[in-house]
Amino acid sequence: MKKCTAILTILLLLTMTLPAMAASAVNRDGYYKGIKLCGRVKVVEHFADIKVKVVDSFPDLKVKVVEAFPDKIGEWKFVESGEDFTVQFVENFPDIKIKYVNAFPGVE
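Residues numbered from 1 in each chain as written. Predicted model: local features only at pLDDT ≥ 70, side-chain atom pairs only at ≥ 80, totals over all residues. Heavy atoms only, no water.

The name that an unreviewed UniProt entry assigns to the protein is 7(1) septoil knot domain-containing protein, with the source organism given as Selenomonas ruminantium.

Enquirer: Give a detailed account of a nonpolar patch on the surface, specifying residues and quantitative values.
Expert: A contiguous nonpolar patch, built from Val-43, Val-54, Val-65, Phe-78, Phe-89 and Tyr-100 and spanning about 470 Å² of accessible area, is present on the exposed surface. Take Val-65: it is sitting in strand 5 (residues 61–65). (Patch = residues over 30% accessible without salt bridge, like charges linked within 9 Å, V, L, I, M, F, W, Y side chains within 5 Å. Areas by Shrake-Rupley, 256 points an atom, 1.4 Å probe, with all protein chains shown as cover. Salt bridge = Lys/Arg side-chain N within 4 Å of Asp/Glu carboxyl O. Helix = DSSP H or I, 4+ residues; strand = E, 2+ residues; numbered from the N terminus.)

Enquirer: Run through the environment of Phe-58, naming residues and quoting values.
Expert: Summarising the element assignment, Phe-58 is placed in the loop between strand 4 (50–54) and strand 5. Between the C-alpha atoms of Phe-58 and Lys-99, which are 41 residues apart in sequence, the distance is 8.3 Å.

Enquirer: Go over the sheet that holds strand 7 (residues 85–89), please, and point to the residues and values.
Expert: Within a beta sheet, neighbouring strands are joined by backbone hydrogen bonds and run either parallel or antiparallel to one another. Pairing is parallel around the closed barrel formed by 6 strands, whose spatial order is 3-6-5-8-4-7. Strand-to-strand twist across the sheet, computed as the mean angle between neighbouring axes with direction ignored, equals 45°. Bridge count for strand 3 (residues 39–43) against strand 7 is 3 bridges, and the pairing is parallel. Bridge pairing links Lys-42 to Thr-86 in strand 7. (Pairing = 2+ DSSP bridges. Axes fitted to C-alpha atoms, helices over the stretch in contact; angles between N-to-C directions.)

Enquirer: Could you give an account of the pairing of strand 7, naming the residues involved and the relevant values?
Expert: Counting buried positions over the 5 residues of strand 7 gives 4, a clear majority of the element. The pairing of strand 4 with strand 7 spans 3 bridges and is classified as parallel. Considered in strand 7, the bridge of Lys-51 is made with Gln-88. (Buried < 20%, exposed > 50% of the residue type's maximum accessible area, 1.4 Å probe, protein only.)

Encoded structure:
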């Protein structure tokens, strides 16, 4: 009886935690906390709108750096002024994880 209770408890905990671990910080429409993840982006050292970590696998967003018309989700143009949002590149505790791509930017 104790084994059965222990197994059920473990299964219950797994079913509660796995969806939370698999959830992406970026929603399916390409927004993070109301920020549309396309447009002109300024890199800052402090007080960024979004803390970003660059990864090679399992990104929240695939980013394509463009020179003009960053209109689609995942298309970023880096600027010094006139930004749509700011990012700070970090190694620990990021808000989102990105991967740079040459084609097909956006959310999977």
